[in-house]
Amino acid sequence: MQYWLFKSEPETFGIDTLCAKPKQTEHWDGVRNYQARNMLRDEIKVGDKAFFYHSNCTPPGIVGIVEIVKAGYPDPSAQNPESKYYDPKSTPENPRWFMVDVRFVKKFKKMITLSELKQHPLLENMVVLRRGSRLSITPVTKEEWSAILSL
DNA sequence: GCCAACGTTGGC
DNA sequence: GCCAACGTTGGC
């Protein structure tokens, strides 16, 4: 079992949006970055857990936990001309973009802010905290996961 | 709204 | 294959 961190803008899709979905489950679509795509397609498995991170908001930070309930499969929004995630170079025969399904696990009573994460000595190498890190999906080590949960 | 950092595109 | 121009992300 592995751990991850999924970023999303709460304006677009926040943890409360997920909570309100049927079965509190939703597909994590719209990822259009090859590195993140590879993780979605090849590495993220059913039963893995991920922090739900709110980005591009004040303040940014981790707001809860989700669990992977379906491993990587083609993201149909890439084939939908109406979607802002449409990519004409992706075809059903040769899908370029992938997604997973996530289920709500919990929402923290109090968000763990980015600045709190940055202050923690055990988290100094965390991928999401690296300078210029823009990946919307990043791996989290077991040690980092535990350290964050104990905050 | 600014802008640093990074990714992508496309001409050559 | 190089690299300039452009686009995007996301903290501040």
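Here goes a summary of the coordinates provided. (Residues numbered from 1 in each chain as written. Chains lettered and ligands numbered in written order. Predicted model: local features only at pLDDT ≥ 70, side-chain atom pairs only at ≥ 80, totals over all residues. Heavy atoms only, no water.)

1. Notes on the sheet that holds strand S4 (residues 61–74)
Either a parallel or an antiparallel arrangement is found when strands of a sheet pair, and the pairing is made through backbone hydrogen bonds. The strand order across the open sheet formed by six strands is S2-S5-S4-S3-S1-S6, and the pairing between neighbours is mixed. Edge positions in the sheet fall to strand S2 (25–27) and strand S6 (137–140), since each of these pairs with one other strand and no more. In this sheet, neighbouring strand axes are inclined to one another by 35 degrees on average, regardless of whether the strands run parallel or antiparallel. Examined bridge by bridge, strand S3 (residues 49–54) and S4 share six bridges and lie antiparallel to one another. Note that in S4 the partner of His54 across the bridge is Gly61. Each of strand S1 (3–8), S3, S4, strand S5 (98–113) and S6 is contacted by helix H5 (residues 142–149), which is oriented at about 60 degrees to S3, the strand it contacts most. (Pairing = 2+ DSSP bridges. Helix = DSSP H or I, 4+ residues; strand = E, 2+ residues; numbered from the N terminus. Axes fitted to C-alpha atoms, helices over the stretch in contact; angles between N-to-C directions. Contact = heavy atoms within 4.5 Å.)

2. Re the nonpolar core
Phe6, Trp28, Ile44, Phe52, Val100, Val102 and Ile137 are the most contacted members of the largest nonpolar core, which totals 22 residues. For this core, the secondary-structure elements that each account for two or more residues are S1, helix H2 (15–19), helix H3 (34–43), S3, S4 and S5. If we skip the residues at most four places from it in the chain, Ile137 touches Trp4, Leu5, Phe6, Val31, Ala36, Met39, Leu40 and Ile44. Grouped together as the second largest cluster of nonpolar side chains are 18 residues, Phe108, Leu114, Leu123 and Met126 included. (Core = buried A, V, L, I, M, F, W, Y, C linked by side-chain atoms within 4.5 Å. Buried < 20%, exposed > 50% of the residue type's maximum accessible area, 1.4 Å probe, protein only.)

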